Each structure stands twice: as structure tokens, then as C-alpha cells.
Amino acid sequence: MHRNKITVGKVVQYTILILMFLLLVGPFVWEISLALKGPGDNVYAVPPYLVPKTPTLENFKQVFRQVPIMHYVLNTLIVACISIVGNVALSTMAGYALGRLKWKGRDTIFTILMLTMVIPVEGIIISQFLIIKSIHLQNTLLGIALPGLVGAINIILMTNAFKSIPKELEEAAQMDGANVWQQFFHICVPQVKGTMTVVGIFAFVGAWNDFLWPLIVISDEKNYTLTIGLNRLKGMFIQDPRLIAAGAIVSLLPIVIFFACFQKYFFQGLEQGGIKE
Amino acid sequence: MSATPDGGPSHQESRPARVHRSLGTTLAPYLFVLPAMCIVVVFVFIAALNTFRLAFTDSTLLKPGKFVGLQNFVELFHDEYFLTALLNSTLYVVCVVPFMVILPLILANLVAGNSRVMGFFRTSFYTPVVMSAVVVGMIWSNLLDPKGLVNSLLESLHISKEPIPFLSDRWLILFSSMFVTIWLGLGYYMVIYLTALANIDDSLYEAAELDGAGPIRQFVSVTMPGVRSTMLLILMLSTIAAFRVFNEVYVLTNSTAGPGAQDITMSMLIQREGTGIMARTGYASAISLVVLVIVGAMLILQSVVERWVGGDNA
Amino acid sequence: MFSTKKAVALSAATAILVSLAACGGSDDSGNSASKDGKLSGSITFQTWNLKNDKYTPYFNDLIKQFEKENPGTTIKWIDQPSDGYEQKLSADAAAGQLPDIVDAGASMMYMLAKAGILMDVSKEAPKAAKNYTPGGWKAATFSGNGVEKGVYAFPWYVNDGPQYYNTEVLKKCGVSTDKLPKTWDEYFDAANTLTDNCKGDYMSTMMANDMGDLASAGIKIINDDHTKYVFNSPKAVAFLQRFVDLYKKGGIPPEALDAKWSQQSDFFQRGTIASMGGSAYSADGFKLNAPDLYKNLAVGPKINDTPHSVTVGYEMLGVNATTKNKPLALAFAQYVTNSKNQLEFDKKAAVFPSSAGTIDDPYFAEAASEDSVKGQALKITLDAVKNGSASRPAEFTDSNGNDYYGEQVAMALQGKQTAKQALDKAVAFANKKLQQK
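Residues numbered from 1 in each chain as written. Chains lettered and ligands numbered in written order. Predicted model: local features only at pLDDT ≥ 70, side-chain atom pairs only at ≥ 80, totals over all residues.

Undergrad: What is the right way to read the overall build of chain A from this model?
TA: Across its full length, chain A holds 14 helices and zero strands. Reading chain A from its N terminus to its C terminus gives the helix and strand order α-α-α-α-α-α-α-α-α-α-α-α-α-α. Oriented by its inertia axes, the alpha-carbon framework of chain A measures out at about 75 × 65 × 30 Å. Here chain A, with 277 residues, has 53% of them falling under the buried criterion. Across chain A, contacts joining residues at least 24 apart in sequence account for 76% of those joining residues at least 6 apart. (Helix = DSSP H or I, 4+ residues; strand = E, 2+ residues; numbered from the N terminus. Buried ≥ 20, exposed ≤ 12 C-beta atoms within 10 Å, placed from the backbone. Contact = placed C-beta atoms within 7 Å.)

Undergrad: Sorry if this is basic, but what is going on with the overall build of chain B here?
TA: Each helix and strand in chain B was counted, giving 13 helices and zero strands. Moving toward the C terminus, one meets the helices and strands of chain B in the order α-α-α-α-α-α-α-α-α-α-α-α-α. When the 314 residues of chain B are sorted by exposure, 54% land in the buried category. Long-range contacts, defined as pairs at least 24 residues apart, comprise 65% of the intrachain contacts of chain B with a sequence gap of at least 6.

Undergrad: In this structure, what is going on with the pairing of strand β7 (residues 163-166) of chain C? I would like to understand it.
TA: Each regular strand displays side chains that alternate between the two surfaces of the sheet. Residues and elements named next belong to chain C. Across the two faces of β7 the burial is the same, with Gln163 and Tyr165 and Tyr164 and Asn166 all buried. Inspection of the sheet shows β7 paired to strand β8 (residues 275-277) by three bridges, in the antiparallel sense. Following the sheet pairing, Gln163 is matched in β8 by Gly277. With four bridges connecting them, β7 and strand β9 (residues 297-300) associate as antiparallel partners. Bridged to Tyr164 within β9 is Val299. (Pairing = 2+ DSSP bridges.)

Undergrad: Explain helix α3 (residues 80-111) of chain B to me, please; I cannot follow it from the model alone.
TA: Because an α-helix completes one turn every 3.6 residues, residues spaced three or four positions apart along the sequence face the same direction. Residue and element names in this part refer to chain B. Compared with the 46 Å implied by 1.5 Å per residue over 32 residues, the 46 Å span of α3 between its first and last C-alpha is a close match. At Val96, α3 is bent by approximately 35 degrees, the largest bend along its length, and proline Pro98 sits one to four residues beyond. Gly113 occupies a position one or two residues after α3 and carries a positive phi of about 135 degrees. (Expected span 1.5 Å × (residues − 1). Bend = angle between axes of the 7 residues up to and from the residue.)

Undergrad: Help me understand the sheet that holds strand β2 (residues 73-80) of chain C, please; the structure alone is not making it clear to me.
TA: In any sheet, the strands associate via hydrogen bonds between backbone groups, in a parallel or an antiparallel arrangement. Residues and elements named next belong to chain C. If you walk across this open sheet you meet the five strands as β2-β1-β3-β10-β6, and the pairing is mixed. Edge strands, defined here as strands with exactly one partner in the open sheet, are β2 and β6 (154-159). Neighbouring strand axes in the sheet, compared pairwise and without regard to direction, differ in orientation by 20 degrees on average. Pairing between strand β3 (residues 101-105) and strand β10 (residues 313-319): five bridges, direction antiparallel. Residue pairing across strands places Val102 opposite Gly318, the latter belonging to β10. (Axes fitted to C-alpha atoms, helices over the stretch in contact; angles between N-to-C directions.)

Undergrad: What is the right way to look at the packing of helix α10 (residues 193-209) of chain A against helix α7 (residues 170-198) of chain B in this model?
TA: Geometrically, a packed helix pair is captured by the angle between its two axes and the distance between the axes. Running from N to C, α10 of chain A and α7 of chain B point in directions that differ by 170 degrees, and their axes come no closer than 9 Å. For the element pair α10 of chain A / α7 of chain B, the angle class is roughly antiparallel. Of the residues in α7 of chain B, those touching α10 of chain A at Gly194, Thr195 and Val198 of chain A are Val191, Ile192, Thr195 and Ala198 of chain B. Partitioned by chemical class, the residues of the contact of α10 of chain A with α7 of chain B number four nonpolar, three polar and no charged. (Parallel < 35°, antiparallel > 145°, perpendicular 65-115°, else oblique. Nonpolar A, V, L, I, M, F, W, Y, C, P; charged D, E, K, R; others polar.)

Undergrad: I keep staring at the sheet that holds β7 of chain C and nothing clicks. Help me out?
TA: Residues and elements named next belong to chain C. Pairing is antiparallel in the open sheet, where three strands are placed in the order β8-β7-β9. Two strands lie at the open edges of the sheet, namely β8 and β9, each paired on one side alone. If you compare each strand with its neighbour and ignore which way they point, the axes differ by 25 degrees on average.

Undergrad: Would you mind going over the domain arrangement of chain A with me for this structure?
TA: Much of the literature gives interface size as the accessible area that the parts lose upon coming together. Residue and element names in this part refer to chain A. When the domains of chain A are assigned, the result is domain 1 (1-56) and domain 2 (57-273). Computed over C-alpha atoms, the centres of domain 1 and domain 2 are 29 Å apart. On the domain 2 side, the residues contacting the eight residues of domain 1 number ten residues. Its residues placed into classes, the side of domain 1 that touches domain 2 shows four nonpolar, two polar and two charged. (Domains from an automatic or database assignment.)

Undergrad: Can you walk me through the interface of chain A and chain B in this structure?
TA: Between chain A and chain B, the contact holds 79 residues from the first and 80 residues from the second. Examining the composition of the side of chain A that touches chain B, we find that twelve residues originate from one element, helix α1 (residues 7-36) of chain A, more than from any other.

Undergrad: How do you make sense of unusual backbone geometry when you look at a structure like this?
TA: Leave glycine aside and you will find that most residues have negative phi; peptide bonds, for their part, are mostly trans. Residue and element names in this part refer to chain A. Residue Asn139 is not a glycine yet carries a positive backbone phi of 65 degrees. With respect to the helices and strands, Asn139 occurs in the loop between α5 (121-134) and α6 (141-145). Since 16 C-beta atoms lie within 10 Å of it, Asn139 is described here as partly exposed.

Undergrad: It is not clear to me how the UniProt feature "transmembrane region" (unreviewed entry) in chain A should be interpreted in this structure. Could you clarify?
TA: Residues and elements named next belong to chain A. UniProt's feature table lists "transmembrane region" (unreviewed entry) at residues 12-30, 72-98, 110-131, 137-157 and 243-267, given in the numbering used throughout. Between the end C-alpha atoms of residues 12-30 the distance is 26 Å, and the span holds 100% helix and 0% strand. The span residues 110-131 shows a helical share of 82% and a strand share of 0%, and its end C-alpha atoms are spaced 24 Å apart. (UniProt positions renumbered as here; feature names shortened; annotations may be inferred.)

Undergrad: Would you explain the UniProt feature "transmembrane region" (unreviewed entry) in chain B in this entry?
TA: The UniProt feature table records "transmembrane region" (unreviewed entry) at residues 27-49, 91-112, 124-143, 171-194 and 282-301 of chain B. As annotated, residues 91-112 of chain B comprises 95% helix and 0% strand, and the C-alpha atoms at either end are separated by 32 Å.

Undergrad: How should the nonpolar core be read in this particular structure?
TA: Side chains that are nonpolar tend, in soluble globular proteins, to be buried together. In this structure, Met109, Leu240 and Phe332 of chain C are the most contacted members of the largest nonpolar core, which totals 316 residues. Looking at which element gives the most residues to this core, the answer is α7 of chain B, with 15 residues. Every residue in contact with Phe332 of chain C, bar those within four places of it in the chain, is listed here: Ile43, Phe45, Phe66, Ile75 and Ile101 of chain C. (Core = buried A, V, L, I, M, F, W, Y, C linked by C-beta atoms within 7 Å.)

Undergrad: What am I meant to see in the environment of Gly123 of chain A here?
TA: Tracing the backbone through its elements, the reader meets Gly123 of chain A in helix α5. According to the C-beta neighbour criterion, Gly123 of chain A is buried, with 29 such atoms within 10 Å. Each C-alpha atom, one on Gly123 of chain A and one on Ile218 of chain A, is 20 Å from the other, the two residues being 95 residues apart in sequence. Not counting residues within four places of it along the chain, the set of residues in contact with Gly123 of chain A comprises Thr51, Ile270, Gly274, Ala284, Ser285 and Ser288 of chain B.

Shown next as C-alpha cells:
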């Protein structure tokens, strides 16, 4: 990767990075601090303070005791996996056709996809639920995953990624007699692995954090996802912000870990494709 | 040249000599988009068609209505909240989109690289994106409160004497929400830019460096053209997102859209009219349709400008 | 675009607190239903955010007991989480799969009744009325504007609460803590004193944006046959004007203009406001989250110019009109709301009963005699719910007037319109919504 060697530049770069770090991660740290505060801490203190006076892990224990976390994590993982596989596979295929091939109706389809992103979810969620019900998938994990199985934004990202592959690569393959399917699997897909990873991460985060849709689809507790389950921590009569914060941290960690593991693949598209001369 | 396994009978009148291959080739694009389109058609398109139909009725959620022609639209243009929402959502696009296109690119450029340190920064910059909107709202409401961290900081640095009413002034609420939107969007669009950056050939930077270009000139002359199509994409995506803004305003105002609902946005208006037991689905659908038309127009405008300014890049 | 969008759409934490409380049935109601015909089969019973460490054992025991008394019946208990409850109800209603028994406040019950989804229990269980307090029964009675007159739910728990004060702030700002305000005149005196002495501290977030404020000033909200709102009377205009003046002086936090309950409580716990209305159980919350405040906590009755409390909230159990097992649904809904079972639940949740006579149980007097802030709060609340009523008509739901009204008040406080304009607009809006089918 390109990197300049000027020291002043480095200093500027790291200064900006650290400032951004504070700005972007600071609130998250505050959330962790809240989750660690014990009964001796005034969570509404003015000015707020970061280091708990009576640090405790009790809030986390409470979360695990009150909510069958592992069961809900498993449900959420199933939904997330269906969503990841669906989004990566379907949007890669569609993106290839839209970004790489010439065919009648291509622009129309692309425009329709763009427009679907504009449709407000609030307006169609009940219709979606009635569709899910009509195919008897209400109250199932598949029912949660299905409408999100392919996001228009992911198709568009993949289309864009396929567009940016140099034409020469394919032309060379065509000369060798590869058909469109071989070109897809052997030439193009390896080039867009980075974007596929991004699509996977977006799908994971989307499935993991969604609240309203799973709530509407699921009525049986054994099929709850984590977001719905953790909502229980909000008491009907008394609320404990520490508990809610602990719940939030518990639900965030898997995504942060997932992202940390996969972020390096954004950069692999180029190397694996081997276009570098 | 082998036949594809998926090539079924075709009605295409291709020349006999080429039939063998073109079956697969002509059908291929359709087969590639078919699975994705099935989902989109069933779950978005049909639902959206329903919205289109409802927009001309006086339906409520639990009682089907009758056709009322353009009555909903007439009512809409006399609805004081509609005009406010239109103004707020448009302002959102104008103010937020430029930041969304430029800042994440700069950020992506700063964190590109395979070192562990950069991996750490990338991960940490992405954390706001994964936080649930409720948590984001809770955190920023606390930070921007009159006695919150931001105001305490500004006062102790003698930048301001009195607490700044970030969460109670009609305009400051909107700007605070925009700030949170940008805060959230940085990590999101940074990730998209990162993949685009990875596709820029290193040799271009090396050549520029040989020519004596500094980091800023390299950014302008190599990076920017290299990610041009991604920039256009993010321009469109962030325009759509900005016009449809919901979460940030909703959580910062505790679901009320500010004093007197003066900070209401189009999506909040749809949510307000179109959800709940007595939802006016007909009216809400009419608003949805208007949003669709406006954003559609914005996208067309952008692509016209794009073609006019620069050549086809694809 | 951001995946979390929907999650928030729902964070109507505020909605939770809008309505709490109600009335109940007498102990024989469950059995009486089983006398005329043996109950059998199964139904679904849905509560709202009551499945947790504290209440789960109660409901499990309740169901087990019922199933034991009525062999061959199965009650499936489901519970919905805190956020998005109305959306969940509306989606289920649209799909025709509402549970047999649903838990909701008066507003949501009204909307479900208006949509024709709830059973008129006064027809199906005519003897039930005597088992509940008149106030509770009345709260579940809807009529007019497309609703056939009837009782559309069994009253369950009721709630009200006292006014809490932070004596540290009061003392600091020169307000006497010996005699806490009881009437609106006294309240405005205290608020003015506080505002004169302390800048940046406020008396409370009250600003007449709540029907409770208006009703407690003796202002009539809706006409007797519930066909027209009348809260734009000269008396109401004058009352709102007092808040406009107080706001202009800096006596109401600007943030409160769009604040709902949850933020009010944050403000109070942070010491920004000196007073807030709460429930009997709020004291426990303060003790947990703001120990410093708890040390300086005082409690008094809600500000009220009328003889009885007007801020009672009713929680109820509605029966799905299309239930496949009507006898069982009716029997179980009455069983949950009978005197014995209400009492048990009230003890757990620090709320109050709506079943006839239950409030005279020695438990309540005993709990209220406890010498603590909580005891005082319980005592005040106990007095309030005994003769109290709801101020907000069930028809005045969030979307059909309440939200709009709050917004108009906010604009009036900001000086963007007069108090009269605000009230006239709100009345016109709500009257139009009243006619909506």
C-alpha cells in the first residue's frame, strides 16, 4: 500500500487518526463505563465521570441471568448467516449481470433497484408482514431473514465493483474460449472479494441490529433475536440505565469482533486477482 | 467452447452455428439477476405497488378505504407539517451529502494499509455504525445536554458563556442531527471507499511520487480519479439516505421531532401517519409516493450532471 | 439506510408510561364462568413487558393455578418487549392474529375497539361490572364516533403518583421546603421564586402540554357525550398563558418543549429540575440511579385545584372479538383481574387494584404507613387512586390529538403563536380526528 515517508505527514496523519478515534469511539467507551458502574455510582452525576466508583460486573451477570442470551445469539446467528449467504451470493450474481454484461432491460432493472431504496420501510412493513404470513413463514427465523435476503444497496455496490474491473482481463479470457459462466467464477468474482466482504459485513450488521421487523414477525419467545430479547431489560416500572448499557455492550461485541476479523479482506481483492504486473 | 449446464431451450433466433454458446450467453444475464429480483419483486415491489394504490384511497390500517382521487395530495399541500418536513429533509441533503462524499474518502485514505495499527483504527472507526440507534441517541442526548460533556467543555474552555441549546433550538437540533448522521456515516462510507482504494494500482502513486507530487497532490491527481465511480455511488446513496433521514432526528428529539415538531422530516411524517392501530395508510402512502418522486428527480438530476461534466467511466 | 433505523422507530419508551393501572374483578368471577359450562381448550394471553425476574413467577403461578382449577385448559402466556408495542398490535390486528387476551392502556384499547376487534364484555359477561370499581369500569367504557357503546376491556391495574421534589435545589433557590405547593397558585409562586433566584435551574417541566395539567386546573376537556373537545375555553387560555409567561422568564427548560417522560426523569435525576411527577415506585428508581438525589428527596401530592386526582392511569385486558374460545378467554381475563390476583400483582409492582373493594385490603394501608419516601409516596398515591379518574379521554390518543396538542403548546411557549391560537388549533385538529373512521 501506498504510504508517504514524510515525518510531518505522519504526524498530521496520526493526530487526525487519534482525534477521530476519540470522536468515534469515545461514546462507546462511555457506554462501557456506564455498564461497569455499580449501585454506589450516580449515573446522572453532573459533570459526568468516566471511571466507576464502585466498579462491578454485576450488570453483565444480571443481563445473562435475565435474558437467555446464548439462545437468542444462536437465533440471531442463524438469521445473520442466511442473510449473509443470501446477500453475498445474490448480489454478486446480480451485480455481475448489471455491471459486466450487456442485455436488454439492464437499465430498467437498475433504475428499479435504485428506486426501491427510496421506498420508506415504515410504509411497507405491514404489507411485507402480510406476504410473509401468506406463505406461512410468520414466527420463523426464515421469515425474519427473507425480505432482507438481498438488499438493493448491496446489488448496487457489487455492480459498481464489477464495473471497475479492467476490460482486458475478460477479453483475454474470451480469447481463451471461456464462456460467461467461467468468466464469472474464474475471472470476475476473485476481483471483487473485497466488496463481497463488505456486503457480508453490511448484511451481518443489518440482521444483527434489526428490531422492528423481527418483533413483528416473531410472536414466540423461543424464536426471539437478540435485539428483541435485550429490550426486556427495559423495565416496565423502573429502568436501570446500567443494565441497558450492559445489554448494549453484549450485543455490540460480536459485531465488533466480526468486523475486526474480516476488515483486512477489503484489501485482498487486488492481490488475489493478480492483475498487478 | 463448452455449453453451459444452465442453457435451456431458447426462443432467440440466433444463427445456428452459434446457438450452442449463445443459449447460455443470452440467457445468462437474466439467470444472474433472477434470484435477486424474485426477492425484490415479492418483498419490495409488490408491497410498493400496494402503496401506490393506497395513495389514492382513504384507507386506514384496519379498514379498507375507497378511491378518493387526488384528495390525499391536496390535503398534503395544505399540511403544515408536510412543508416543514420537505424543507428539513431538503436541507439535510444539501448540508450532509458534501461531507459524506469527501470526509470518508479522506479518512479511508488515512487508514488504508495492511499494518495492525491501521486495522485497529479501521475497526474502531466502524464502531459507531454497529451501535443501535437507540444507544447512539442516548449517548448524544447526554453529551449535548445543557449540563452535558460538550457544554461543560465549551464553558471550561471559555468558548461559550451559556450552555448552547443543541437539543432545544429548532435549527440547532437539525444541525446536531446532521452532525450525528455524519458521525455515523463516516465509518460506513469509509468501508466502501476502502475497497475502491484497494483497486487503485500502486504504480500510479509511484509514478506521481517520481514526478515530485506530495501527499495532497497525489490525493487529488491519483486517488480522486481512481475512486470517481465510487464517489458518484456514494453521492447517490447518501442523497437517498439524507432525504429519508429518520433515526438521528427521532432519537435526539425523543421521538417528538423537536419543539412543535418543527424538526420533522419526511420519513418521520410517514411514520407518524402510517403506523399504529389507527394508521392512515392511504395518506401515508401518498407521502411515500411524493418522497419517491422527489428522490427520483434528485437522482436523475445527478446522473444528468455527471454525464454532462465527465465522460462515461464504466 | 442504517440497519438500526427500524429499531429506533420504536423506541417509544415514553409510550410505556402513558398508561399504567386499572381495576379488577372479584374472586368468584373465574369460577362463575366455569359453573355454567366446563372450560376447555387453549388461549393466548399477552402482557406488555412484564416477563422478567420480578413478575414471571407471579404469572407462572397464576396460570398453573388456573389450569389446576380448570383441568383441560391451557393458557399460553406471551409477553411483548417494551418498545414497539403499538406496532406489534397493529400488525397482528391487520393480519387477523391478535392474541385472545391483550394487555393495553385505555388509548390503545379504544383504537382496537374502534376497529371492531375487541369484544364488548358488558354484553358477554354482564355480571362482571360489580366486580370492578366504578372508575375502572368507566375507563373501559367507550362510545360514540363509530364505537357502539360498550365496555371493551376488563380493568386491571391502576396507577397514579405523587410529585417528587429535590430539596437541595429548592433550598438553594430560596423555596421553602416546609410547605410544598399543592395548588397551581402555590406552584407558580414557588416556580417564580426559584426562577428569580437561580438561573439554569427550573421548577419542573410541567407546561400544560398534558391533559392532566389542564384537568387538574379544573378545565373541561371534552363534552359529556364525547363528541367534541372543549379545552379551548377562556379558562384554559388563561391557564396556558401562565406557563407562557413563566417560560418567557426562563422558568421552564427549553429542552422540555419536546421532552417526554423519560427525559423529564433524566433532568430530575441530574438536578436540572427541582420537581417531577412520578409514580409510587419512582423512589426505588431514584435510589438506584441517583443516590445523591435520593438523600434530598421529598414527596407531595400532585398539583391539583380539584378535589380528586385526575391523573389516574388504567391498564386493561381486552378480549379479541374473534377469539375461537370465548368462554375460556372471558374466564381467564376475569381470573387475572379478580380481587385476589390483582392484590398479589399490586404487591409485586407497587401499583393499585381496580377490582371492587380490593384497595381496602390492609396491605395497602400498611405499606403506606411505612416511614420512608416510598411509604409517603404510596400513601399519596393510594389517596389519589381511591377517588381519582383519568383526565385524558381514551379518544385523545397520541396520534389523534395528544402529540399535536403538545406541539402547539410548545409553539405558544416559544411565542410563535398565542395561547388561544394553540388551543384553538389543537381542538380543531382533535375534533377532526374524532370523526375519522
